[in-house]
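Take a look at the letters that make up each chain.
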Amino acid sequence: MDKWSLRQFLTNRQQQSYVISLGAFCAGLLVVALACVLMLITIRGLDYFWPRPVQSIQFELPDGTAKQVYAQINERHINSAVESGSEPAFVFRYSDSQHPYGRSLLVEANAVEAISEAAQAADILLINGSRVFSEPLSIRLPEDQSGELTQYDEIRDTVTAIREQIETVRKERLASVHRELASLDLRQVEEDAPARLRLYADFERWQQEVLSLEAQLADYQLVTRFNNGREFLIPLDDIDRLSYPGQLDWFGKLGIVGAGVVAFLTDAPKQANTAGGVFPALFGTVLMIFVMTILVTPFGVLAAVYLNEYAPDNHLTSVIRICVSNMAGVPSIVYGVFGLGFFVYLVGGNIDELFFKDALPAPTMGTPGVFWASLTMAILTLPVVIVATEEGLRRVPEGLKSGSYALGATKFETIWHTVLPMASPGIMTGVILAIARAAGEVAPLMLVGAVKFAPNLPFDGEFPYLHLDRQFMHLGVLIYDGAFHSQTDVRSASLMFASCLLLLVVVFVLNVLAVILRRRLRKRYLRGY
Amino acid sequence: MLKLFEREQLNLAKLPEAQTAIEVRDLCLRFGDKHVLHNITMRIPKNRITALIGQSGCGKSTLISCFNRMNDLIDNSVTEGEIIIDGRNINRKKENLSVLRSQVGMVFQRPNPFPMSIYDNVCYGLRLQGIKQRRQLDDAVERALIEAALWDEVKDRLFESATTLSGGQQQRLVIARALALKPSILLLDEPTSALDPLTTLIIEELMADLKKRCTIVIVTHNMQQASRVSDYTAFLHQGELVEYSDSDTLFTLPEKKQTEDYITGRYG
Ligand SMILES: Nc1ncnc2c1ncn2[C@@H]1O[C@H](COP(=O)(O)OP(=O)(O)OP(=O)(O)O)[C@@H](O)[C@H]1O
Ligand SMILES: [Mg+2]
């Protein structure tokens, strides 16, 4: 028996080297796994921006009707079908006269008769986020004139100018008329007072102007043709971007990617979060993290300072310490429920009773909002900050504290001038961990204020500018939402990955900022210790 | 032998009040149940250097920490007896510790500069007292650094981090930091034990110089140092004051057997 034991087989030195190799292997595996995750998300995320060729497809529907359409094929589905050995099928999104704004379809391979590149077909992105695949023919101008496609850019500029004119009239004229009318209402001016009549006349005039401008706009149309020969008119005013993916070279494609990234970062989601950009979600995520950081840092630091410097060294303190560390392990959804039950309903409800009584029963603070979400996340990340800060406080040499006391400093002055600066890198570590944790949570946020679609940003030009009581959008929620759409829709799957990528970038940037700050603090306060 | 004639001898037992910097009366101190100092009574003369010697753990650090009440920071310490500085018992309850500690400066065994600039280190105590005017601070910093014999070495780098200084420079910086508050008493707890002989010499010279301005109490394990720099020496053994007299007498003709054994290195 003994002959076969591993001990006999290997010398001590060999055993050691095997253990080291195993460790290195595990570490390597981790790195590879991380790299894979990052690669997947990056590639699939960037795929959202990459222009796909428009193809001409001829196929037969199950009921026997033949169709010829322009479409974008989702290559991923074809590949996976081929690999799994099942009946190959095509999943694509096409436009025709029945479904001009696109429809996703799965067609078995044997029903497809022909596929060919369609360089003449354009991928037309509309302002509302939907897409039309068709072949532009000409441009229809007012008074039944028609323009060449080559003039597209100029004509588009004219259209934009008219649109801007309408917006100016709306914003500057009509809005001021509305305001004045409202103030008259407030002062209960009579219905036929001359001031009122004059305003009505003004309103009428500007309204007419807007209507005539809009009529003018409606006359500018892009004439396009679907693959089956039917014509389709698209108002130029509705078109966001028009591109011919089949005719693009690399630079052109990169240009499209660039424009797509910019639109992704600055636009609002469209078509129920399956198209458009993610700006509100990005803004909401960053705002939530900022407010949370502002809330959690002072609380965490105060608590840690109390525990470490002031609390008597007894059982109660150690019990509190254990509780704090255990709080970090409580499932986050529990915090969400706590935030909803305690902050939103109890605290928020009571604030409404006390301060916003005239608005009831419509709640002001007693409803989920970005402030409550931040507060909930602050509670959730509090243990992390406390533990890291305590670690930092413990590292402050006793001799420095004595030195400070010996110069006549009180306990508070010693903590403020000596202990906290030296603990600041530790505090930053806590903040970094808190940010990383908070950015990744979705479930508790959905209970206390994050929504799939919020009509308003929590920030606008209206006093008090920052509306922390409003609901907000969050990248994590968008991803969660996207995961449900993604099973049927190609583009929105990519949108989900692109949002993932953005979330990673946000966390990464925030972390890098915090790490830089921590390095500077370390250099400043901990050099030589 | 020459030294003997340089120094006027004071009768420590009957030191007049005007010449007493610290008067200790029946001082007892314990940490919890552990009695560390037993009935210590002594008078420390003004503008002199008094050395405390004794075996490790005999309570030297504890004794000098009583003079600026640093023992208060230790939770379970209990002090009894009186310590009179400037005509008042500093052990009374309502003693203002900030004022006391700016009056009685302390330098520790290991240099402990704050992680700030040299300038800010020296200003630390002054800023705590609410002095904000730049001119006033500048003057105080320069004066303190000159007194601590550090000015020439650091005058061009006042705003560099203090932790970049060498150990000996750091120790002098810490002394300057205490001197900036113009203390009347300076407590030095083994100030040179972490330093090389040359730097030790610089600090010893510095002490001889500072004696004009303040009373110095120094704890040391180095007999040569004690006899070299101090005017008076107290020998502590297990928390009791065994012998206290002028240094020449104590090191040449000790009265007690214990003292003799210790200074000749027979134990401890
Ligand atoms: N915080 C404390 N709690 C309990 N006992 C203490 C504490 N600080 C010191 N002591 C004890 O008090 C006694 C005197 O300590 P002290 O530091 O005064 O000695 P010392 O004479 O300065 O020694 P050394 O020369 O090694 O510095 C020692 O026995 C020590 O163990
Ligand atoms: Mg000591």
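All figures in this text were calculated on a predicted structure; none of them were measured in a lab.

Let us now look at the overall build of chain B. On a plain count of helices and strands, chain B comes out with 11 helices and 10 strands. On C-alpha atoms alone, chain B measures out to a radius of gyration of 18 Å, which is about the 18 Å that the 2.2 N^0.38 rule sets for 268 residues. Dimensions of chain B, computed from C-alpha atoms along their principal axes, come out at roughly 55 × 45 × 35 Å. Across the 268 residues that make up chain B, the buried fraction comes to 56%.

Attention now goes to the interface of chain A and chain B. The interface of chain A with chain B comprises 21 residues on the first partner and 22 residues on the second. In total, about 1,700 Å² of surface goes out of reach between chain A and chain B, with carbon and sulfur atoms giving 64% of it. Ranking the residues of chain A by area buried against chain B places Tyr405(A), Ala406(A) and Leu407(A) at the top, with a combined share of 35%. Counting across the interface, chain A meets chain B through 0 salt bridges.

Attention now goes to the UniProt feature "domain: ABC transporter" (unreviewed entry) in chain B. As annotated in UniProt, the feature "domain: ABC transporter" (unreviewed entry) corresponds to residues 22-263 of chain B in the numbering used here. For the annotated span residues 22-263 of chain B, helix accounts for 38% and strand for 27% of the residues, and the straight-line distance between the end C-alpha atoms is 25 Å.

Before going further, it helps to spend a moment on the pattern of salt bridges. The tally for this structure, following the rule as stated, stands at 30 salt bridges over all chains. Linking Lys155(B) and Asp152(B) is a salt bridge whose minimum nitrogen-to-oxygen distance equals 3.6 Å. On the accessibility criterion, Lys155(B) (39% relative accessible area) is partly exposed. Here Asp152(B) falls in the exposed class, since its relative accessible area comes to 60%. Measuring nitrogen to oxygen at the nearest pair gives 2.7 Å for the salt bridge that ties Arg228(B) to Glu204(B). Taken together, the residues Arg228(B) in helix H9 (residues 223-229) and Glu204(B) in helix H8 (residues 197-210) connect sequence positions 24 residues apart. According to the relative accessible area criterion, Arg228(B) is partly exposed, its value standing at 39%. Given the relative accessible area of 5%, Glu204(B) is considered buried. In this structure, a network of salt bridges that share partners links the residues Arg163(A), Glu167(A), Arg170(A) and Glu214(A).

Attention now moves to the site of ligand 1. All names here are of chain B. Near ligand 1 lie 13 residues; those nearest to it are Ser-56, Lys-60, Ser-61, Thr-62 and His-221. Within the side chain of Ser-56, a nitrogen or oxygen atom sits 2.5 Å from an oxygen atom of ligand 1. Thr-62 is positioned such that a nitrogen or oxygen atom in its side chain is 2.4 Å from an oxygen atom of ligand 1. Computed on the free molecule, ligand 1 has an accessible area of 630 Å², of which 65% lies beneath the protein chains in the complex. Where the shell around ligand 1 is concerned, the elements lending two or more residues are strand E2 (34-45) and helix H2 (60-67). Ranked by residue count, the leading element in the shell around ligand 1 is H2, at 3 residues.

This part is about the domain arrangement of chain A. All names here are of chain A. By domain assignment, chain A separates into domain 1 (48-137 + 223-266), domain 2 (142-219) and domain 3 (279-525). Computed from C-alpha atoms alone, the centre-to-centre distance between domain 1 and domain 2 is 37 Å. Listed per partner, the contact involves 8 residues of domain 1 and 7 residues of domain 2. Interface area for domain 1 against domain 2, summed over the two sides, is near 690 Å², with a carbon-plus-sulfur share of 59%. Seen at the junction of domain 1 and domain 2, the total is 0 salt bridges. Each residue belonging to the side of domain 1 that touches domain 2 can be placed in one class, and the counts come to 6 nonpolar, no polar and 2 charged.

The next point concerns the side chain of Glu390(A). Along the polypeptide, Glu390(A) turns up in helix H10 (residues 370-394). For Glu390(A), a relative accessible area of 5% translates into the label buried.

What follows is about the nonpolar core. In terms of nonpolar packing, the biggest core is built from 122 residues, with Ile53(B), Leu145(B) and Leu186(B) touching the most fellow members. Broken down by element, this core gets its largest block of residues, 13 residues, from helix H7 (residues 279-310) of chain A. Apart from residues no more than four positions distant in its own chain, Leu145(B) is found in contact with Val122(B), Leu150(B), Trp151(B), Val154(B), Leu158(B), Leu173(B) and Ala176(B). Core analysis: the next-biggest nonpolar cluster, separate from the first, contains 38 residues, Phe31(B), Ile40(B), Cys66(B) and Ala234(B) among them.

Below, the discussion takes up the side chain of Thr192(B). Residue and element names in this part refer to chain B. Considering the arrangement of structural elements, one finds Thr-192 in the loop between strand E7 (185-189) and H8. Judged by its relative accessible area of 9%, Thr-192 is buried. One polar contact links Thr-192 to Gln-225, side chain to side chain, over a distance of 3.0 Å. Once you skip the residues sitting within four places of it in the chain, Thr-192 turns out to touch Thr-200, Ile-203 and Gln-225.

Our next topic: the sheet that holds strand E8 (residues 215-219) of chain B. All names here are of chain B. Strand order in the open sheet formed by 6 strands is E6-E7-E8-E3-E9-E10, with mixed pairing between adjacent strands. The sheet is open, and its two edges are formed by strand E6 (104-107) and strand E10 (240-246), each paired on a single side. Neighbour-to-neighbour, the strand axes of this sheet turn through a mean angle of 15°, independent of strand direction. Pairing geometry for strand E9 (residues 232-237) and E10, over 6 bridges, is antiparallel. Residue pairing for E10: Ala-234 is matched across the bridge by Tyr-244.

So, about the packing of aromatic side chains. Residue and element names in this part refer to chain A. Counted according to the given criterion, the structure contains 19 aromatic pairs over all chains. Both rings, one in Phe-59 and one in Tyr-94, keep their centres 6.1 Å apart while their planes meet at 65°; by these two values the pair is edge-to-face. Here Phe-59 is found in strand E1 (residues 55-60), whereas its partner Tyr-94 is found in strand E3 (residues 89-95), with 35 residues between them in sequence. Grouping residues by exposure puts Phe-59 and Tyr-94 together as buried. Joined through ring pairs, the aromatic side chains of Phe-338, Phe-342, Phe-343, Phe-371 and Trp-372 make up one cluster. One residue, Arg-205, lies across the ring of Trp-206, its end atom 4.7 Å from the ring centre. Of note, Lys-411 hangs over the ring of Tyr-310, and the distance from its end group to the ring centre comes to 4.9 Å.

Below, the discussion takes up the packing of H7(A) against H10(A). Residues and elements named next belong to chain A. For the pair H7 and H10, the least separation of the axes is 6 Å and the interaxial angle reads 40°. The angle between H7 and H10 places the two elements in the oblique class. The handedness of the crossing between H7 and H10 comes out as right-handed. Split into classes, the residues belonging to the contact of H7 with H10 amount to 22 nonpolar, 5 polar and 3 charged.

Moving on, we come to the confidence of the model for chain B. Residue and element names in this part refer to chain B. Per-residue confidence for chain B gives a mean pLDDT of 88; residues scoring 70 or more make up 96%. For chain B, helix H1 (residues 2-6) is the element with the lowest average pLDDT, namely 49, and E8 is the one with the highest, namely 94. For this predicted complex, the interface score ipTM comes out at 0.90, while the overall pTM is 0.79.

Our focus in this paragraph is the sheet that holds strand E4 (residues 103-108) of chain A. Residue and element names in this part refer to chain A. Strand order in the open sheet made by the 5 strands is E4-E3-E2-E1-E5, with antiparallel pairing throughout. Two strands lie at the open edges of the sheet, namely E4 and strand E5 (112-117), each paired on one side alone. On average, adjacent strands in this sheet sit at an angle of 40° to one another, irrespective of strand direction. Taken together, the 6 bridges between E3 and E4 define a ladder with antiparallel strand orientation. Paired with Val-91 across the bridge in E4 is Leu-106.

The next subject is a positive patch on the surface. Among the surface-exposed residues, Arg519(A), Arg520(A), Lys523(A) and Arg527(A) lie close enough to one another that they form a single positively charged patch. Relative to the elements of secondary structure, Lys523(A) occurs in helix H15 (residues 490-526).

About the thresholds
Residues numbered from 1 in each chain as written. Chains lettered and ligands numbered in written order. Predicted model: local features only at pLDDT ≥ 70, side-chain atom pairs only at ≥ 80, totals over all residues. Heavy atoms only, no water. Helix = DSSP H or I, 4+ residues; strand = E, 2+ residues; numbered from the N terminus. Rg over C-alpha atoms; globule rule 2.2 N^0.38 Å. Buried < 20%, exposed > 50% of the residue type's maximum accessible area, 1.4 Å probe, protein only. Contact = heavy atoms within 4.5 Å. Buried area = accessible area lost by both parts, 1.4 Å probe. Salt bridge = Lys/Arg side-chain N within 4 Å of Asp/Glu carboxyl O. UniProt positions renumbered as here; feature names shortened; annotations may be inferred. Near = heavy atom within 4 Å. Polar contact = N/O pair within 3.5 Å; in protein donor to acceptor, adjacent residues only side chain to side chain. Areas by Shrake-Rupley, 256 points an atom, 1.4 Å probe, with all protein chains shown as cover. Domains from an automatic or database assignment. Nonpolar A, V, L, I, M, F, W, Y, C, P; charged D, E, K, R; others polar. Core = buried A, V, L, I, M, F, W, Y, C linked by side-chain atoms within 4.5 Å. Pairing = 2+ DSSP bridges. Axes fitted to C-alpha atoms, helices over the stretch in contact; angles between N-to-C directions. Phe/Tyr/Trp six-rings, centres within 6.5 Å; stacked < 30°, edge-to-face > 60°. Lys NZ or Arg CZ within 6 Å of the ring centre and 35° of its normal. Parallel < 35°, antiparallel > 145°, perpendicular 65-115°, else oblique. Left-handed = near helix turned anticlockwise from the far one by under 90°. pLDDT = per-residue confidence, 0-100. Patch = residues over 30% accessible without salt bridge, like charges linked within 9 Å, V, L, I, M, F, W, Y side chains within 5 Å. Lys, Arg positive; Asp, Glu negative; His and termini not counted. Charge placed at Lys NZ, Arg CZ, Asp CG, Glu CD.

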